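The chain contents come next:
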Amino acid sequence: MSESILVVRIIRIGVELLDFNIEIFPACVHHKRTRSSIHPSFLTLGVDFDEDRIWGSNEKCLAFLSSCEELIRSFIPKSPTERMNNHTGTNDALFCRSFGPVLQAHVNFLQLCRPLSVTIHNAYQYLKQTLTRLDSVEDWDECRGSFLSAIVEFRRGSIYLAGDEIVDRTVNLIRSGECVCIFGYSSLVARVLERAWKSPCNTSVNQVDANVDFLADKMKTCFVNTKSDPSNKTTNRVFSVLVVDSRPKFEGRQMLTRLLKAGIPCEYTHIGALPSVANKV
């Protein structure tokens, strides 16, 4: 996407880039009286947020963290001559004192594009705490490396590992023979259903076969290769999913495609027709 198209879209959503008077990166938007700039990765992210191209709080937070990584790698501290000309003290040479306002301005820019999710707010608070811990460190390379490591740790601990823990705790809530009703698309819910479909349960083989026949009759769906092998001591869960969808995005279609690829029997319906199929759940 070219820079001119980005600028036009930012102006269209009513964001005044002149409010972010940061002369650190090459200017992306010029004005007769002043110059202001936002990092290109945040410009792209702001447009994606405004046009709702990124779905899900985790996906938005991951995109935000990736933009923060590009921001810190591109950030160039002011030289001693520039600090002297701007009448700034020696404290502004510290990493957190100089980079903190830059990060805050970029977060404010995203907030103007679209209200931020709770996950992004939590990530931003974590990054601010990291900057506070680096307040006394004067080595820029050390601060940059520590800040990037903090982003990696937050991504791993608060998103990936947290998602794995939720999946592990939720899988056992799905029992064989059930019809699970879900709405729209959620990557975490999809992971739970995929894990539950592949994970073994303690149900007997005869009971699993009975569940297959029951669900096939209930949903009028042909189940292929779902009969259990009598030689196996453990059997997989057999359940079905009712995907409920609505306008304008029809996110449930993405969920339906993903679950069908995993071999999970599904039925798709519009939210307006939910009362007529509620007895299947």
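Above this text is the structure in question.
For the structure given in this document, a descriptive report is provided here. (Residues numbered from 1 in each chain as written. Predicted model: local features only at pLDDT ≥ 70, side-chain atom pairs only at ≥ 80, totals over all residues. Heavy atoms only, no water.)

**Brief notes about the environment of Gly46**
Point 1. The residue Gly46 is located in helix H2 (residues 40-50) in this model.
Point 2. For Gly46, a relative accessible area of 0% puts it in the buried group.
Point 3. Taking the C-alpha atoms as reference points, Gly46 and Val107, 61 residues apart in sequence, are found 9.7 Å from one another.
Point 4. With near-sequence residues (within four places) excluded, Gly46 lies in contact with Phe109, Leu110 and Cys113. (Helix = DSSP H or I, 4+ residues; strand = E, 2+ residues; numbered from the N terminus. Buried < 20%, exposed > 50% of the residue type's maximum accessible area, 1.4 Å probe, protein only. Contact = heavy atoms within 4.5 Å.)

**Re the pattern of salt bridges**
Point 1. All told, the structure shown has 12 salt bridges when counted by the stated rule.
Point 2. A salt bridge links Arg53 to Glu51; the nearest nitrogen and oxygen atoms lie 2.6 Å apart.
Point 3. Looking at Glu51, the relative accessible area reads 28%, which means it is partly exposed.
Point 4. The closest approach of N and O atoms between Arg169 and Glu165, which form a salt bridge, is 2.7 Å. In this pair, Arg169 and Glu165 both sit in helix H7 (residues 140-171), four residues apart, roughly one turn of the helix.
Point 5. Its relative accessible area of 62% is what places Arg169 among the exposed residues. (Salt bridge = Lys/Arg side-chain N within 4 Å of Asp/Glu carboxyl O.)

**Focus on the side chain of Arg155**
Point 1. Among the secondary structure elements, Arg155 is positioned in helix H7.
Point 2. Those residues in contact with Arg155, other than ones at most four positions away along the chain, are Leu62, Leu65, Ser66, Glu69 and Tyr160.

**Topic: the nonpolar core**
One recurring pattern in soluble globular proteins: nonpolar side chains tend to sit buried together.
Point 1. The biggest cluster of nonpolar side chains holds 34 residues, and the ones touching the most others in it are Phe64, Leu65, Phe99, Leu103, Leu110 and Phe147.
Point 2. Listed by contribution, the elements that provide at least two residues to this core are H2, helix H3 (57-74), helix H5 (95-113), helix H6 (118-133) and H7.
Point 3. For Phe64, the residues in contact, after removing those within four places along its chain, are Phe42, Leu45, Val107, Leu110, Ile120, Ala123, Tyr124 and Leu127.
Point 4. Within the second largest apolar cluster, 19 residues are counted, among which are Ile174, Ile182, Val243 and Leu259. (Core = buried A, V, L, I, M, F, W, Y, C linked by side-chain atoms within 4.5 Å.)

**A look at the packing of aromatic side chains**
Any pair of aromatic rings gets described here by the distance separating the centres and the angle formed by the planes.
Point 1. The tally for this structure, following the rule as stated, stands at six aromatic pairs.
Point 2. When the centroid spacing of 5.9 Å and the interplanar angle of 25 degrees are considered together, the rings of Phe75 and Trp140 count as stacked. One end of the pair, Phe75, is in the loop between H3 and helix H4 (80-85); the other, Trp140, is in helix H7, with 65 residues separating them in the sequence. Here Phe75 matches Trp140 in class, with each residue buried.
Point 3. Through pairs of rings, three or more aromatic residues link up here, namely Phe75, Phe99, Trp140 and Phe147.
Point 4. Between the NZ or CZ atom of Arg253 and the centre of the ring of Phe250, over which it lies, the distance is 4.3 Å. (Phe/Tyr/Trp six-rings, centres within 6.5 Å; stacked < 30°, edge-to-face > 60°. Lys NZ or Arg CZ within 6 Å of the ring centre and 35° of its normal.)

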